[in-house]
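Structure at a glance
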Amino acid sequence: MKLKDLMKPSTPPLDAKTYLAVVVGVYEVGQHYSEKFHNLSHKLIFQFDIPSIKDPDGNPRQLSKWLTVGRKKGCAFLEFFGGLDDKSYTAEDVGEIDPKVYLGRACQIRVTINKETQKNNIEGVMTLPDGIAAPTTNTPLTWYSVEEDGFAGDAWNNLPDWVQDACKKSEQYQQDQPDKPLDMPAEQPQPEAGKDDCPI
């Protein structure tokens, strides 16, 4: 046996261009601390299927987009929803948006490649042009919210590992971990909690 037998080949990035896509997951993953800005902010993740591109198992390739919830004019959060709805959102009316209504929404995503990491980024989203057939997918649609669903139950257990990992980095999880060890005498060993190593 050689080491290459143990190493899974990395998935090559998609070509940098615009793809037809479908929103298949919307995840509110709690508040996260920014080392750059030294503040806490709520994060959303939108997960997209690209039905025209298949992975080795025959399933649609997927890409995800992290969003920082914000209201400032020109911020990426407003531009993202403005692109999905083909309209200009203001700080006042963006608060009425319900993220989960976008599940199943067909759209276009503009994809680029990070030259250093060789990973794809979603630089923008747009509505479908008139006359273009909407792409379809059989991937189950998933909504999850730290605020609504917490860290136990079916909604939590059915999340992809990489989404759970994102939630575990939130302030809410750090303050209310469901598997916090109980206070025990020092001589009594405590079980180690496993942690999945699932990159986003």
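These notes cover the structure that comes with them.

Rules behind the numbers
- Residues numbered from 1 in each chain as written.
- Predicted model: local features only at pLDDT ≥ 70, side-chain atom pairs only at ≥ 80, totals over all residues.
- Heavy atoms only, no water.
- Phe/Tyr/Trp six-rings, centres within 6.5 Å; stacked < 30°, edge-to-face > 60°.
- Helix = DSSP H or I, 4+ residues; strand = E, 2+ residues; numbered from the N terminus.
- Buried < 20%, exposed > 50% of the residue type's maximum accessible area, 1.4 Å probe, protein only.
- Lys NZ or Arg CZ within 6 Å of the ring centre and 35° of its normal.
- Contact = heavy atoms within 4.5 Å.
- Pairing = 2+ DSSP bridges.
- Core = buried A, V, L, I, M, F, W, Y, C linked by side-chain atoms within 4.5 Å.

Details of the packing of aromatic side chains
Summed over the entire model, instances satisfying the criterion amount to 12 aromatic pairs. For the ring pair F77 and F81, a centre distance of 5.0 Å and an interplane angle of 70° mean the geometry is edge-to-face. You can see F77 and its partner F81 sitting in helix α1 (residues 76-85), four residues apart, about one turn around the helix. Both residues of the pair, F77 and F81, belong to the buried class. Each residue in the set F46, F48, F77, F80, F81 and Y102 is aromatic and connected to the rest through ring pairs, giving one cluster. Its end group placed over the ring of W143, K100 keeps NZ or CZ at 5.4 Å from the ring centre.

Focus: α1
Across the 10 residues of α1, seven count as buried, placing the element largely inside the fold. Among the residues of α1, F77, L78, F80, F81, G82, G83 and L84 are the ones counted as buried. Against β2 (39-54), β3 (60-68), β4 (106-113) and β5 (120-126) lie the buried residues of α1. Once α1 ends, the next one or two residues include D86, with phi positive near 55°.

Re the pairing of β3
The pairing of β2 with β3 spans nine bridges and is classified as antiparallel. Note on β3: the bridge partner recorded for F46 is K65. Linking β2 back to β3 in an antiparallel pair, the connection comprises five residues, with G58 at a positive phi of about 90°.

A look at the nonpolar core
Within the largest apolar cluster, 27 residues are counted, with the highest numbers of intra-cluster contacts made by F46, F48, F80, F81, L84 and I109. Mapped by element, the contributors of at least two residues to this core are β1 (18-34), β2, β3, α1, β4 and β5. Counting residues per element, this core draws most heavily on α1, at five residues. If we ignore the near neighbours within four places in the chain, the residues touching F80 are F46, F48, K65, L67 and V125. Formed by 13 residues, the second largest nonpolar core is a distinct cluster that contains I45, V146, W162 and Y173.

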